[in-house]
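# Fold and geometry: a report
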Amino acid sequence: MTAAPYNYNYIFKYIIIGDMGVGKSCLLHQFTEKKFMANCPHTIGVEFGTRIIEVDDKKIKLQIWDTAGQERFRAVTRSYYRGAAGALMVYDITRRSTYNHLSSWLTDTRNLTNPSTVIFLIGNKSDLESTREVTYEEAKEFADENGLMFLEASAMTGQNVEEAFLETARKIYQNIQEGRLDLNASESGVQHRPSQPSRTSLSSEATNVKDQCSC
Amino acid sequence: MEELLNDVVPQEDLERFEKKYHHEQELDGEVSTETKFEYAFCLVRSRYTNDIRKGIMILEELARLHPDGRRDYIYYLAFGNARIKNYTEGLKYCRAFLEIESNDQVRSLEEYIKKQSDKEIAKGMAVAGGAALVLGGILAIAMAKNNRNRDK
Ligand SMILES: Nc1nc2c(ncn2[C@@H]2O[C@H](COP(=O)(O)OP(=O)(O)OP(=O)(O)O)[C@@H](O)[C@H]2O)c(=O)[nH]1
Ligand SMILES: [Mg+2]
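Chain B has the name Mitochondrial fission 1 protein in an unreviewed UniProt entry, where Drosophila lebanonensis is given as its organism. Within the UniProt record for chain B, the comment given under Sequence similarities (unreviewed entry) is "Belongs to the FIS1 family." Heading Function (unreviewed entry) of the UniProt record for chain B holds this comment: "Involved in the fragmentation of the mitochondrial network and its perinuclear clustering."

Under an unreviewed UniProt entry, chain A has the name Ras-related protein Rab-14 and belongs to Drosophila lebanonensis.

Below, the structure written as structure tokens:
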């Protein structure tokens, strides 16, 4: 089989984590399908989504693993953290308990990913202002203290959903450019794909063969 | 969907939950439902068919005895069966699930299994087609011979 040229230059692996019901699957769905699911059942184990985006004229394929927040999946979904280039850590601004659990999610993430993994905190359901239980300022302070990127978003209205996924990718890309992320490390969560693989190498091989034949 | 089914459990995770399972078995003579599920969840994501089969057996038992977690068990029964190309069984579990609950995650697994099993059927037909050609060829030769004999 001939290697078809990839239509992207990089693959970034993301995970989405956080308590059950905070809206992880809805955020993913909004990002990949631009639609809101009003009645979304609990994820079983893990779901998967993908989308190709562009950063700095480079095409990047995001492979996104959306984990189940239900407690019984907590231990087994830890396998998916390994090799994540980006982690979207989600809480629900209308449920304080989901915010209080962040430090435990953060501990897992730090323990199971690389130092270069970009962690983006999302306060979801920002459309539900009237039932808010966590202020923006408080969460922003938590994010700053822990070196996390942060936005409030709404999977329902779509507000800041693109931004969260794209800014994570930009940060990962920047880490690559600045040499903070080792592309050769097996668990960097990034794969580089030359956009025109084997084309050039094939033709040079072909000329080599010809050269040999002619002598 | 393909990525989910092709994804393989890290060996060390499989081993960790396997150890936990055996540890409980030795210590208490029985294994908790959670530990069984965790072990089965790793087994059905293994690279090896025998592991997947073992995972399916554990999940079948769980689904029979513990109705509260049934949707998780049935989903991973469909998933495990799909990974070892037991498409008929896989579809059965998807349909059983969808009768109880409308669910996009299960629906996309069902669609994927259907597509894969259609592909297998098409392959089977291609082989049958090949056999038909071969047999047809033999028949044609035999008939030509017969005709010649008759001409004589
Ligand atoms: N108002 C509002 N509701 C939301 C938003 N995002 C999600 N929801 C609702 O919250 C519920 C849970 O959303 P999910 O996306 O299933 O939550 P999850 O984090 O994936 O949950 P698990 O899969 O169990 O871990 C669903 O009923 C959604 O419709 C949002 O931004 N605004
Ligand atoms: Mg979910």
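### Describing the interface of chain B and chain A
Facing 23 residues of chain B, the contacting portion of chain A comprises 18 residues. Between chain B and chain A, the buried area comes to about 1800 Å², and carbon and sulfur atoms account for 57% of it. Considering only the surface of chain B that becomes buried against chain A, B:Glu3, B:Leu4 and B:Gln105 emerge as the three largest contributors, covering 28% of it. Seen at the junction of chain B and chain A, the total is three salt bridges. For the interface between chain B and chain A, the tally reads nine residue pairs in polar contact (both at pLDDT 80 or more). Sorting the residues of the side of chain B that touches chain A by element identifies helix H1 (2-6), helix H2 (11-28), helix H3 (33-43), helix H5 (70-83) and helix H7 (104-151) of chain B as the ones contributing at least two each.

### Concerning helix H4 (residues 49-65) of chain B
Here H4(B) spans 25 Å end to end across 17 residues, near enough to the 24 Å set by a 1.5 Å rise per residue. Listed in full, the buried residues belonging to H4(B) are B:Asp51, B:Ile52, B:Gly55, B:Ile56, B:Ile58, B:Leu59, B:Leu62 and B:Ala63.

Thresholds, definitions, all that
- Residues numbered from 1 in each chain as written.
- Chains lettered and ligands numbered in written order.
- Predicted model: local features only at pLDDT ≥ 70, side-chain atom pairs only at ≥ 80, totals over all residues.
- Heavy atoms only, no water.
- UniProt positions renumbered as here; feature names shortened; annotations may be inferred.
- Contact = heavy atoms within 4.5 Å.
- Buried area = accessible area lost by both parts, 1.4 Å probe.
- Salt bridge = Lys/Arg side-chain N within 4 Å of Asp/Glu carboxyl O.
- Polar contact = N/O pair within 3.5 Å; in protein donor to acceptor, adjacent residues only side chain to side chain.
- Helix = DSSP H or I, 4+ residues; strand = E, 2+ residues; numbered from the N terminus.
- Expected span 1.5 Å × (residues − 1).
- Buried < 20%, exposed > 50% of the residue type's maximum accessible area, 1.4 Å probe, protein only.

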